[in-house]
Amino acid sequence: MKNVLFYSLLLYVSTMSACKTTKQKTAGPESTALTGTYWRLTEINGKPIGPTPADKREIHIKLNKEASTMEGFAGCNGIGGNFEVKEGSRISFTKVIGTMMACPDLDTENSLLEILRSVDNYNLVDKQLVLNRARMAPLARFEAVDFK
């Protein structure tokens, strides 16, 4: 009888600790993954995006949690600004600016800057960041290149 009780207790403790470990691994890294990550732009308004033709640089953004700042490259110009993350996967970018180099094609760059100024929420799934406005189709998709 003592052995049955002992093994039942051991099984219970093992099961509970396994559940607790799983919960800890899957819970909450959302804000950590959102910030401190190099986000490469892969799609804008449903159109796939690759490196810029001229110098093969990737269009990307990085969010700095401590300073609440955003920096990146929009295709020709460097970009920057501030961001704020709110409850419910809400995000806003403010004071979004870029350098003013003259470039032959600024369509993607201008679209990205407009999107950053207008988004109000995001989805973060696996290694993808999707920026949205209300319930519209995704405006921009990014892929995480590295996690810190």
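Computed from a prediction, not measured in an experiment: that's the story for all the values here. (Residues numbered from 1 in each chain as written. Predicted model: local features only at pLDDT ≥ 70, side-chain atom pairs only at ≥ 80, totals over all residues. Heavy atoms only, no water.)

(A) A look at helix H3 (residues 107-118). Between its first and last C-alpha atoms H3 spans 17 Å; for twelve residues at 1.5 Å apiece the expected length is 16 Å, and the two agree. Turning to H3, its buried residues are Thr 108, Glu 109, Leu 112, Leu 113, Ile 115 and Leu 116. Projected onto a plane normal to the axis of H3, the buried residues spread over an arc of 160° and lie on a single side. Within H3, the exposed residues directed more than 90 degrees away from the buried face are Asp 107 and Glu 114. (Helix = DSSP H or I, 4+ residues; strand = E, 2+ residues; numbered from the N terminus. Expected span 1.5 Å × (residues − 1). Buried < 20%, exposed > 50% of the residue type's maximum accessible area, 1.4 Å probe, protein only. Arc of directions from axis to C-beta.)

(B) Structural detail: the environment of Cys 103. Positionally, Cys 103 belongs in the loop between strand E6 (90-98) and H3. A sequence separation of 28 residues divides Cys 103 from Gly 75, and the C-alpha atoms of the two residues are 9.1 Å apart. With near-sequence residues (within four places) excluded, Cys 103 lies in contact with Cys 76 and Asn 77. (Contact = heavy atoms within 4.5 Å.)

(C) Inspection of the environment of Phe 142 at higher detail. Relative to the elements of secondary structure, Phe 142 occurs in strand E9 (residues 140-146). Through-space distance from the C-alpha of Phe 142 to that of Leu 131 is 8.4 Å; in sequence the pair is eleven residues apart. If sequence neighbours within four positions are ignored, Phe 142 has contacts with Trp 39, Arg 40, Leu 41, Thr 42, Ile 61, Leu 112, Lys 127, Gln 128, Leu 129 and Leu 131.

(D) Just the side chain of Asp 120, in detail. Here Asp 120 lies in the loop between H3 and strand E7 (121-125). You can call Asp 120 buried: its relative accessible area is 16%. Among residues more than four places away in sequence, those in contact with Asp 120 are Arg 90, Ile 91, Asn 132, Arg 133 and Ala 134.

(E) Focus on the pattern of salt bridges. Under the counting rule described, the total for this entry stands at five salt bridges. The shortest N-O distance in the salt bridge between Glu 58 and Arg 40 comes to 2.8 Å. With a gap of 18 residues between them, Glu 58 in the loop between strand E2 (47-48) and strand E3 (60-64) and Arg 40 in strand E1 (residues 38-44) connect regions that are remote in the sequence. The exposure class assigned to Arg 40 is partly exposed, which follows from its relative accessible area of 23%. Arg 133 is paired through a salt bridge with Asp 120; the nearest N and O atoms lie 4.0 Å apart. Here Asp 120 lies in the loop between H3 and E7 and Arg 133 lies in the loop between strand E8 (128-132) and E9, a separation of 13 residues in the sequence. Taking relative accessible area as the criterion, Arg 133 reaches 36% and is therefore assigned partly exposed. Among the ionic contacts, a cluster of salt bridges with common partners joins Arg 40, Glu 58 and Glu 143. (Salt bridge = Lys/Arg side-chain N within 4 Å of Asp/Glu carboxyl O.)

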